[in-house]
Amino acid sequence: MTKSSEESPSRRTFMMVVIGLISAIVGVALAIPILGEVLSPLFKKRDIVWSELGKVSDLENIEPLVPKFVPVYFRVKEGWTVNTLPRQVIVVKDITGKLYFFSNQCTHLGCPLHWMPARQKFMCPCHGGMFNVLGKVVGGPPPRPLFVWVHKIENGTVLIQNKFLDNPKERGV
Ligand code: FES
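What this report covers is the structure whose coordinates are included nearby.

Definitions and limits used
Residues numbered from 1 in each chain as written. Predicted model: local features only at pLDDT ≥ 70, side-chain atom pairs only at ≥ 80, totals over all residues. Heavy atoms only, no water. Helix = DSSP H or I, 4+ residues; strand = E, 2+ residues; numbered from the N terminus. Buried < 20%, exposed > 50% of the residue type's maximum accessible area, 1.4 Å probe, protein only. Contact = heavy atoms within 4.5 Å. Phe/Tyr/Trp six-rings, centres within 6.5 Å; stacked < 30°, edge-to-face > 60°.

**A word on the side chain of T107**
Okay, so step 1: Structurally, T107 can be placed in the loop between β5 (99-103) and β6 (114-116).
Okay, so step 2: Overall, T107 belongs to the buried group, its relative accessible area being 8%.
Okay, so step 3: Among residues more than four places away in sequence, those in contact with T107 are F131, P142, P143, R144, P145, L146 and F147.

**Focus on the packing of aromatic side chains**
Okay, so step 1: Applying the stated rule across the entire model yields six aromatic pairs.
Okay, so step 2: Centre to centre, the rings of F69 and F122 are 6.3 Å apart; their planes meet at 65°, and the pair counts as edge-to-face. With F69 in strand β3 (residues 68-78) and F122 in strand β7 (residues 121-123), this residue pair connects regions lying 53 residues apart in the sequence.
Okay, so step 3: Of the residues examined, F122 reaches a relative accessible area of 0% and is grouped as buried.
Okay, so step 4: Between Y100 and F102 the ring centres are 5.7 Å apart and the planes differ by 15°, which places this aromatic pair in the stacked class.
Okay, so step 5: Taking relative accessible area as the criterion, F102 reaches 4% and is therefore assigned buried.
Okay, so step 6: Counting every residue linked through ring pairs, the aromatic cluster contains F74, F147, W149 and F164.

**Some points on the environment of V82**
Okay, so step 1: With respect to the helices, strands and loops of the structure, V82 is situated in strand β4 (residues 81-93).
Okay, so step 2: We classify V82 as partly exposed; its relative accessible area is 42%.
Okay, so step 3: V82 has contacts with R75, V76 and K77, leaving out every residue within four places of it along the chain.

So this is what it looks like as structure tokens:
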């Protein structure tokens, strides 16, 4: 009798511990997917959406080999927010009518380029880098030609992303 009354509380305690553990495991199992869903935007890479640059018909009307600086507003999702990044696209039409969509950043250290009509070159104000109208380096320290934005044409509209065609892992800045 004495033995039974001594075992009873410890069995009860044991059962309570087991129930508590099972409840905790079930609680954690239920919480993980919910927490994952809520926190996942924080760990996702930036979600890049296509931004509209302009109608192909308008861009095709530009003068050949005369760059046109076109502002673009990239919409970039970061976590729970959507940011707008204003950037410049240099649109150039070559003599065959082909369109190019260059970044206006110097490929040396990223300074914004200016077009010098008299010299028919893009000039970098920082260290004297120079590019011809088709983006090729013609002077100064830039190590490579101008970056080309990732772009596509859909329903007569040029769409563009905030990253470079020849280096898709590298985003535009
Ligand atoms: S940043 Fe353009 S030459 Fe250095």
